[in-house]
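Here is what each chain is made of, one letter per residue.
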Amino acid sequence: MKAYRAALLRFGDDHQPLYESDGLLVVGPDAHGRKVVRAVGDHDALIERFAGVAVEDLRGYLIAPGFIDLHVHYPQTDVIGAPAAGLLPWLENYTFPHESRFADKDYARSVADFFFDELARHGVTTALTFASSHPASVDAAFEVAQSRGLRFITGKVLQDRHSPDGVRDQTEQSLIDTESLIRRWHGVDRLGYAITPRFAPTSSEAQLRGAGELAAKYGDVWIQSHVAENHDEVKWVAELFPDARSYLGVYGDFGLLRERAVYAHCIHLDAHDRRLMKETGAAAAISPTSNLFLGSGFFDYAAADAAGMRYGLASDVGGGTSFSPFHTMMAAYYVGREGHTKPGLSLTPGQLWWQHTAGAALALGLQGVVGNLTPGNEADFVVLNPKATPLLARKTAQAGNLDELLFALIVLGDDRVVSRTVTA
Ligand code: GUN
Ligand code: ZN
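Residues numbered from 1 in each chain as written. Chains lettered and ligands numbered in written order. Predicted model: local features only at pLDDT ≥ 70, side-chain atom pairs only at ≥ 80, totals over all residues. Heavy atoms only, no water.

The contact between helix α4 (residues 135–147) and helix α5 (residues 171–185) brings their axes to 11 Å, and the two run at 10 degrees. By the angle class used here, α4 and α5 are roughly parallel. In terms of crossing hand, the pair formed by α4 and α5 is right-handed. Contacts between α4 and α5 involve Pro135, Val138, Asp139, Phe142, Glu143 and Gln146 on the former and, on the latter, Asp177, Leu181, Arg184 and Trp185. (Axes fitted to C-alpha atoms, helices over the stretch in contact; angles between N-to-C directions. Helix = DSSP H or I, 4+ residues; strand = E, 2+ residues; numbered from the N terminus. Parallel < 35°, antiparallel > 145°, perpendicular 65-115°, else oblique. Left-handed = near helix turned anticlockwise from the far one by under 90°. Contact = heavy atoms within 4.5 Å.)

Encoded structure:
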C-alpha cells in the first residue's frame with residue numbers, strides 16, 4: 001500500500017465535486033490484485049488507520065481522477081490543425097490519406113507510442129479511441145497500451161464504401177477481422193474492444209447489419225461511431241438511408257444503440273433522437289474543440305439534460321485541436337454558454353470536470369472502475385500543480401472557493417499543470 005497527502009478532488013453520487021484541502025489517498029491491491037483506491041478523505045481523520053503505510057507528501061498539489069477522453073482518433077495525431085471548409089472535405093483531403101499509412105504496423109506502433117505519451121502528459125488515463133481500418137493499427141495500439149498497463153478501448157474502423165483505396169475495407173473480411181480482434185483483445189488485462197463503424201455514410205447496410213450482429217453477440221463490447229456532426233453529412237445520410245427516421249435512427253435500425261455505445265458529436269439531433277439515446281442507454285461524446293474547429297455546430301446541453309441523455313467530454317483529435325482536457329473543458333464552457341440565453345447560466349467548473357472524469361466513466365458503463373477516486377476505483381489519478389505558471393500561481397492563490405480554484409485551472413491550465421500521471 002501507498003498513501004499520498006495532498007488536496008483531493010473526487011465526485012459524489014450526485015455528480016457534485018468533493019474536495020479535501022488536506023487529504024489522504026491510500027492505494028493498494030484489492031482481493032483480485034488490482035491496484036485500487038483503498039481509502040480517501042481528510043488526512044487527520046484517516047492517518048491513524050494507515051499507520052505504517054508510506055506517505056508521499058504532496059502538499060501544495062491537487063490529486064484528481066485521471067481524465068477520460070471519450071472519443072479520440074490515435075491515427076489522427078498528425079492530422080491536428082488541418083484546415084478544411086468542413087467535415088467532409090477534411091476527411092477526403094487530409095484524414096483518409098493520412099490514415100492509409102496505418103496499414104504499416106511499425107508506423108502505427110510509432111504513432112501509438114507518441115499518442116500514449118501525449119495522453120499521459122495531459123493527464124488522460126483512459127481513452128475510447130478509433131484506430132484505422134487496418135487490423136494492424138488495432139494490434140499496435142493494444143500492444144502499446146498493454147505494455148503501459150492502461151485501461152484502454154479501441155477498435156478497427158469499419159468503412160466499406162465511399163472511402164478511397166487505402167482505407168476502404170471489404171464487408172465480409174471486415175467483420176471477420178472485427179470478431180477475431182474481439183477474441184484476441186477484449187477483456188485482456190485492462191483492454192476493451194469497440195465495434196467501430198466510422199459513420200453511416202461509409203458503411204454498407206450489410207456492414208452495419210454485421211456490426212449490429214456482433215454487438216448483440218458480444219454484449220459487453222463497446223460500440224463507437226459518429227452521428228449528426230455536420231449539416232452536409234446529415235443530408236447525405238438522409239439520401240443514403242431514405243427509410244430511416246433520422247441519422248441516429250440508422251444506427252438504431254441496425255442494433256447499434258445500446259449501453260456501451262458512444263456516439264461522437266450528437267449535435268443535429270431532434271427530441272425523438274434524444275429520447276432514443278436515453279431509452280437505449282447510448283451516450284454522446286461531446287467534442288467541443290472539434291466542433292468549433294470544423295464549424296460543425298454546438299452540442300445542446302439543455303436539450304440533452306431534458307432528455308436525460310448520458311454524455312461526457314472528448315478531444316476528437318485530430319478534428320479536435322488539443323489533447324488537453326483543460327482546453328476541452330474550456331471549449332465546452334463556451335459551447336454551454338451558447339445554448340443558454342440567460343446570462344450567467346452555463347456549465348459550472350464541477351460539471352465540466354465531472355464530464356471529463358466520472359461522467360465519462362458513466363457513459364462508458366465503467367462507473368466505479370475508473371473516473372473517480374472513491375474506494376474500489378482503479379488507482380488512475382493525476383497530480384496537478386496549481387502554481388504551474390506565474391499567472392496560475394497568482395490566480396489560484398486568490399481562489400476563495402472550489403469553483404474559483406477549478407475555474408482557474410480550466411481557463412489557464414494545460415499540460416504544464418499535470419505534474420504526474422499515475423496509472424494502476
Ligand atoms: N466522421 C467520420 N469520420 C470522422 C472523423 O474521423 N472525425 C470526425 N470528427 N468526424 C468523422
Ligand atoms: Zn471523431
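A few words now on the packing of helix α3 (residues 105–121) against α4. The relative placement of two packed helices comes down to the angle between their axes together with the axis-to-axis distance. Here α3 crosses α4 at 40 degrees, and the two axes come no closer than 8 Å. One way to sum up the angle between α3 and α4 is to call them oblique. For the pair α3 and α4, the crossing hand works out as right-handed. Within the contact between the two elements, α3 uses Lys105, Ala108, Arg109, Ala112, Asp113 and Phe116 and α4 uses Ala136, Ser137, Asp139, Ala140, Ala141, Glu143, Val144 and Ala145. Broken down by class, the residue content of the contact of α3 with α4 amounts to eight nonpolar, one polar and five charged. (Nonpolar A, V, L, I, M, F, W, Y, C, P; charged D, E, K, R; others polar.)

Glancing now at the environment of Ile68. Mapped onto the elements, Ile68 comes out in strand β5 (residues 67–73). In contact with Ile68, other than residues within four places in its own chain, are Thr126, Leu313, His356, Thr357, Ala360, Ala361, Leu364, Val370 and Gly371.

Let's shift gears to the coordination of the zinc ion (ligand 2). Looking at the zinc ion (ligand 2), the protein donor atoms are His71 (NE2), His73 (NE2), His226 (NE2) and Asp316 (OD), and they sit 2.0 to 2.3 Å from it. Coordination at the zinc ion (ligand 2) is irregular: its four donor atoms span angles of 91 to 165 degrees at the metal. Between consecutive donor residues of the zinc ion (ligand 2), the sequence gaps follow H-x1-H-x152-H-x89-D. In this pair, His71 is assigned in strand β5 and Asp316 in the loop between β13 (310–313) and α12 (325–338), connecting sequence segments 245 residues apart. For His71, a relative accessible area of 1% corresponds to the buried category. On the basis of relative accessible area, Asp316 is assigned to the buried category, the value being 3%. (Donors = N, O, S within 2.8 Å, 3.2 Å for Na, K, Ca; no water. Tetrahedral: all angles 85-135°; square planar, octahedral: opposite > 155°, others 65-115°. Buried < 20%, exposed > 50% of the residue type's maximum accessible area, 1.4 Å probe, protein only.)

Surveying the vicinity of ligand 1 reveals the residues His73, Gln76, Leu87, Trp90, Leu91, Arg198, Phe199, His226, Glu229, His265 and Asp316. Side-chain polar atom of Arg198 to an oxygen atom of ligand 1: 2.7 Å apart, as the coordinates give it. Surface burial for ligand 1 is 100%, taken as the share of its 280 Å² of free accessible area covered by protein chains. In terms of residue count, the dominant contributor to the shell around ligand 1 is helix α2 (residues 87–99) (three residues). (Near = heavy atom within 4 Å. Polar contact = N/O pair within 3.5 Å; in protein donor to acceptor, adjacent residues only side chain to side chain. Areas by Shrake-Rupley, 256 points an atom, 1.4 Å probe, with all protein chains shown as cover.)

Here α3 spans 24 Å end to end across 17 residues, near enough to the 24 Å set by a 1.5 Å rise per residue. Tyr107, Ala108, Val111, Ala112, Phe115, Phe116, Glu118 and Leu119 are the residues of α3 that are buried. For α3, the angular spread of buried residues about the axis comes to 160 degrees, placing them on one side. Among the structural elements, β5, α2, β6 (124–130), α4 and β7 (152–155) are those in contact with the buried residues of α3. The N-cap of α3, judged by a side-chain oxygen 3.0 Å from the amide nitrogen of Asp106 a few residues on, is Asp104. Trailing α3 by a residue or two, Gly123 shows a phi angle of about 85 degrees, which is positive. (Expected span 1.5 Å × (residues − 1). Arc of directions from axis to C-beta.)

The mixed open sheet is built from six strands, whose spatial order is β3-β2-β1-β4-β14-β15. Each of the sheet's edge strands pairs with one partner strand only, and the pair in question is β3 (35–42) and β15 (418–422). The average undirected angle you get between the axes of adjacent strands in this sheet is 40 degrees. As paired elements, strand β1 (residues 2–11) and strand β4 (residues 54–65) share six bridges and run parallel to each other. If you follow Leu8 over to β4, its bridge partner there is Ile63. Strand contacts of helix α16 (residues 402–412): β1, β2 (17–29) and β4, with the helix running at about 70 degrees to β2, the strand carrying the most contacts. (Pairing = 2+ DSSP bridges.)

Moving on, we come to the environment of Ala141. Residue position: Ala141 is located in helix α4. Given the relative accessible area of 0%, Ala141 is considered buried. Ignoring any residue separated from it by four or fewer positions in sequence, one finds Ala141 in contact with Tyr74, Ala112, Phe116, Phe152 and Thr154.

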